[in-house]
Amino acid sequence: MFHLGNLGEASVIAEFGFNYLLSEFSNYFFCLLIVCVFIKLRLIQKKYLLFWFLYFLSPFFVNFVLFSPTYMNDQFGYHMIVSSIKQGTYDLPQFSLDLDFVKRARVGFSGYFLSVMPIFSLMTVTSIAFINKLIVFFMYVFVSKRIDESKLILFIMIPSLILYSSVGLRDIITLAFGVVSLIYLIEKKVILSLVFAILVLLTKLQNFPGFFLAWIFMFVFKAEKSYFRIIMGLFVVTSLFFIFFESASPILNLYRMAWAVEDGLTVSAAEALRLESAGQVVSTLIYDLPRFMLEPLPWKINSPIQVILLIESLLLIIIFLNLLFKDEFYKNKEGIILTIGLLTCMAIHVITVFNLGTLVRYRFIGFFPFLLAMYYLKDSLTIRNELARI
């Protein structure tokens, strides 16, 4: 593989031009080679070859075309970390309990995971995007053994998934770990589900509580056995939240204010966001959650891509609610557990994310695994019931 250390270079190819295209077309054809190998091994269907040929083209239309790579400036940081790991010069952060260590540790872990993924060239920030495309492809292969490919393709074509897998960020890693964790949760594979939930923790701390709570309800409370267990689980979790809020509030407010400052708010404005009681957290969620799920709101839209994201957010919510309420699936206990996990995941983002672009991205990364898992749960139960009638 080619990376900066191979050529003795000190900087990334940061401009659109011949060298940039040479690097990324090398990655594109390398990814297509992997797709062809998987088709040859009959791990995916041959009829979708053209789809993947087109799907892997999307990174060419994002950086330097849809927007400058500096719009999502963290891409350069991830590229630098992955390149440093490849060269053996990356230094692990010293352990501490402060916010800076948590951030550096999760970024470092993500960098190590990205560094073990196969790619031909690592000369530009878009090279990481092609790694993300491969992660989506591998996730597709994993899920295709459980969901019909003709249906799964529709999930892969969601605009946000195409967009966020076409940039060099870590969000796709979190999304893929979340999908696998919930698939194993539905399949009652307790250890594997927990392992991948922990991997979610190591890549994006804010997403972990939703996945872990779903795991707790499924394997500790055994809540899929009765509604009483679900109610008792909710009572226990809510009671613990109120009882230990005073002890946990300094950490919660530290992260809330730190992320607010990171998203562009002033220190004084962030201080005003301090949550003083568990009741205030609940009231904040009741007020802000509907807005959070619908962002970007129509009067905040200032670009065509935000129009697409608004329409997408509405459609995804409608699809999730349709899965939940059609055939009274809201009565299914495992479906209730997934919904509890989803709401928890969204709630964490409601109280920690303030920048519109970050909000939309984090919401999708948390929402998609639960949407796909809900479809898989309902589809598998439908197939099981049809087989039982034969």
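For the structure, see preceding data.
Residues numbered from 1 in each chain as written. Predicted model: local features only at pLDDT ≥ 70, side-chain atom pairs only at ≥ 80, totals over all residues. Heavy atoms only, no water.

Q: Give a detailed account of the overall build of the protein chain, specifying residues and quantitative values.
A: Along the backbone of the protein chain there are 18 helices and 2 strands. A compact globule built from 390 residues would reach a C-alpha radius of gyration of about 21 Å, and the protein chain, at 21 Å, matches this within 12%. For the C-alpha atoms alone, the extent of the protein chain along its principal axes is close to 65 × 60 × 45 Å. The buried share of the protein chain, taken over its 390 residues, is 51%. In the protein chain, 74% of the contacts between residues at least 6 apart in sequence involve partners at least 24 apart. As displayed, the protein chain offers around 18,500 Å² of accessible surface, 68% of which is attributable to carbon and sulfur atoms. Between the mean site of the 31 positive side-chain charges and the mean site of the 25 negative ones, the protein chain shows a separation of 10 Å. (Helix = DSSP H or I, 4+ residues; strand = E, 2+ residues; numbered from the N terminus. Rg over C-alpha atoms; globule rule 2.2 N^0.38 Å. Buried < 20%, exposed > 50% of the residue type's maximum accessible area, 1.4 Å probe, protein only. Contact = heavy atoms within 4.5 Å. Areas by Shrake-Rupley, 256 points an atom, 1.4 Å probe, with all protein chains shown as cover. Lys, Arg positive; Asp, Glu negative; His and termini not counted. Charge placed at Lys NZ, Arg CZ, Asp CG, Glu CD.)

Q: Break down empty space enclosed by the protein for me, citing the residues and quoting the values.
A: Summed over the entire model, instances satisfying the criterion amount to 1 cavity of 30 Å³ or more. In this structure, the largest cavity spans a volume of roughly 100 Å³. S160, M293, L309, E312, S313, L316, I317, V360, R363, F364 and F367 are the residues that line the largest cavity. Among the elements of the structure, helix 16 (304–325) and helix 18 (356–389) are those that each provide at least two residues to the lining of the largest cavity. Top element by residues in the lining of the largest cavity is helix 16. It accounts for 5 residues. Split into classes, the residues belonging to the lining of the largest cavity amount to 7 nonpolar, 2 polar and 2 charged. (1 Å grid on protein atoms, 1.4 Å probe; cavity = no way out; pocket = protein on both sides within 12 Å on 5 of 7 lines; lining within 4 Å. Points joined across faces, edges and corners; volume = space filled by probe spheres on them. Nonpolar A, V, L, I, M, F, W, Y, C, P; charged D, E, K, R; others polar.)

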